[in-house]
Amino acid sequence: MTGDRGYAPFGIVADPGCFGLKTSVIATGAGAVTVRHTATPATLVPRTGSVAPSLPAPPTSLPPAALPRTALVLLHGAAGSWSTFTPLLQAARRAGLDLGDLVIPDLPGWGDTALPADPNQRTIEAISSSVAEVTRALGYDSWVLLGHSLGGFVALDLAAHEPRATEKVLLVSATTFSVIESVRHPIRRFRGLPAYIGMLFVMRTLAALGRSGTRLVNATGDTRLFRLVMSPLFAHPHSVDATVMHALAEEARPRSFAEASARAGQYDAARVWAGIRCPVLALHGSADVFVADSDDALLDAVIPDFTAHTLEGAGHFGHIERPDAMLEHFFAPASLPTNAAGMR
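These lines cover the structure that appears in this document, whether it is placed above or below. (Residues numbered from 1 in each chain as written. Predicted model: local features only at pLDDT ≥ 70, side-chain atom pairs only at ≥ 80, totals over all residues. Heavy atoms only, no water.)

1. Describing the overall build of the protein
Here's step 1: Broken down by element type, the protein carries 13 helices and eight strands.
Here's step 2: A burial count over the protein gives 56% of its 344 residues as buried.
Here's step 3: Contacts spanning at least 24 positions in sequence make up 76% of the contacts within the protein whose residues lie at least 6 apart.
Here's step 4: For the protein, the computed accessible surface area is about 14200 Å², with 56% contributed by carbon and sulfur atoms. (Helix = DSSP H or I, 4+ residues; strand = E, 2+ residues; numbered from the N terminus. Buried < 20%, exposed > 50% of the residue type's maximum accessible area, 1.4 Å probe, protein only. Contact = heavy atoms within 4.5 Å. Areas by Shrake-Rupley, 256 points an atom, 1.4 Å probe, with all protein chains shown as cover.)

Here is the structure:
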């Protein structure tokens, strides 16, 4: 791959079939989770073979059970779903980069996955456990996690609770310590993350309106007002494709946002994340208003193998704003799952 190919080069694609993905619904402790995933796992092909549209059956001398079963699991953020990652998938396809077997769930409360009725199943731990259940149900016993924003928070929890299964964690603008403190002390911490605290206030207000609040956000997705409200989250908001703004409005769930924020405020991050044993590589945009300057240092103090970089010319959505640069940071051969064809 070569350098930067421009800002926000792709829009959101809503059809998983465009990427050879299948949609499944899998029962978990947090309820039924909708997931898009590789239709025919690359792990069913000998590692010396290539992934083709029509995959050959594995040879009898190498039974499927003996093959590596590692997936790249993509975890979206709040106001997102599986489709949030389609600009990244388009960039990978343009670069000729095979990301291996993909598992892309709609996290509980977002996309096509309902918010659990039981409040005990809305915790960060319950959500990350559901990701492990989904991934194992699809036949994988290990994974590389790529999490954006809230998805990064979930990825860190899963890595801490599943150290043997987690090979690596890749974070894109993960909301971590500064968000936790903002939820706990919104007035005292307002200067640190004013954009996040302001959005939290709005989402809590809309959540109190029930379905009317959700419909109100959904209805503004194609308006200049919504683009203006969301502009702090992007380095160059006027250059972002309209499908991105539409998807953000469509996926906005005030109740889920407020619930996830409340759970983050109750979370003992330093204690839990100290149990992470795999490498963690973090990226956040140079204009990211949801990540504080202190977050990298705090993560580095807790996680034994932690590396952070700044993605220049990006805000909170680096995988949409600078997908080519993100691929270059994350997906060198050593960063890909062990079954990614042609890479390891």
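That shown, we press on.
2. Some thoughts on empty space enclosed by the protein
Here's step 1: The full count for this structure, using the stated rule, is four cavities of 30 Å³ or more.
Here's step 2: When its volume is computed, the second largest cavity comes out at roughly 70 Å³.
Here's step 3: If you go around the second largest cavity, the residues you meet are Leu171, Ser173, Ala174, Thr176, Ala282, Leu283, His284, Val291, Asp295, Asp296 and Leu299.
Here's step 4: Elements supplying a minimum of two residues to the lining of the second largest cavity: β7 (280-285) and α11 (294-302). (1 Å grid on protein atoms, 1.4 Å probe; cavity = no way out; pocket = protein on both sides within 12 Å on 5 of 7 lines; lining within 4 Å. Points joined across faces, edges and corners; volume = space filled by probe spheres on them.)

3. Side note on the packing of helix α5 (residues 194-208) against helix α9 (residues 254-265)
Here's step 1: It is at 8 Å that the axes of α5 and α9 come closest, and there the two elements cross at 125°. If you check the angle between α5 and α9, you find them oblique. Handedness of the crossing formed by α5 with α9: left-handed. On α9, the residues that touch Tyr196, Met199, Leu200, Met203, Arg204, Leu206 and Ala207 of α5 are Pro254, Arg255, Phe257, Ala258 and Ser261.
Here's step 2: Residues of the contact of α5 with α9, tallied by class, amount to nine nonpolar, one polar and two charged. (Axes fitted to C-alpha atoms, helices over the stretch in contact; angles between N-to-C directions. Parallel < 35°, antiparallel > 145°, perpendicular 65-115°, else oblique. Left-handed = near helix turned anticlockwise from the far one by under 90°. Nonpolar A, V, L, I, M, F, W, Y, C, P; charged D, E, K, R; others polar.)

4. Brief notes about the environment of Ala287
Here's step 1: Structurally, the position occupied by Ala287 is in the loop between β7 and α11.
Here's step 2: Apart from the residues lying within four places of it in its own chain, the contact partners of Ala287 are Pro232, Ala235, Ala314 and Gly315.

5. Structural notes on the packing of aromatic side chains
Here's step 1: Tallied over the full model, the rule gives eight aromatic pairs.
Here's step 2: Summarising the aromatic geometry, the rings of Phe153 and Trp273 are spaced 5.2 Å apart at their centres and angled 70° between planes, so their arrangement reads as edge-to-face. Of the two residues, Phe153 is situated in helix α3 (residues 150-161) and Trp273 in helix α10 (residues 269-273); the sequence distance between them amounts to 120 residues. As far as burial versus exposure is concerned, Phe153 and Trp273 are alike and both buried.
Here's step 3: With a centroid separation of 6.1 Å and an interplanar angle of 35°, the aromatic rings of Tyr196 and Phe257 are classed as tilted. Of this pair, Tyr196 sits in helix α5 while Phe257 sits in helix α9, placing them 61 residues apart in sequence.
Here's step 4: The buried category is assigned to Tyr196, whose relative accessible area is 4%.
Here's step 5: Members of the aromatic cluster, each reached through a chain of ring pairs, are Phe153, Phe177, Tyr267 and Trp273.
Here's step 6: Over the ring of Tyr140 we find Arg69; its NZ or CZ atom is 5.1 Å from the centre of that ring. (Phe/Tyr/Trp six-rings, centres within 6.5 Å; stacked < 30°, edge-to-face > 60°. Lys NZ or Arg CZ within 6 Å of the ring centre and 35° of its normal.)

6. Side note on the packing of helix α4 (residues 177-184) against α5
Here's step 1: Relative to each other, α4 and α5 sit at 50°, their axes nearing to 10 Å. Classed by the angle they form, the pair α4 and α5 counts as oblique. The crossing of α4 and α5 is right-handed. On α5, the residues that touch Val179, Ser182 and Val183 of α4 are Tyr196, Ile197, Leu200 and Arg204.
Here's step 2: Of the residues that constitute the contact of α4 with α5, the class distribution is five nonpolar, one polar and one charged.

7. Re the pattern of salt bridges
Here's step 1: Counting across every chain of the model gives ten salt bridges.
Here's step 2: We note a salt bridge from Arg271 to Asp268, for which the minimum N-O separation is 3.2 Å.
Here's step 3: Residue Arg271 is classed as exposed on the basis of its relative accessible area of 58%.
Here's step 4: Residues joined by salt bridges that share partners form a network here, namely Arg36, Asp106 and Asp112. (Salt bridge = Lys/Arg side-chain N within 4 Å of Asp/Glu carboxyl O.)

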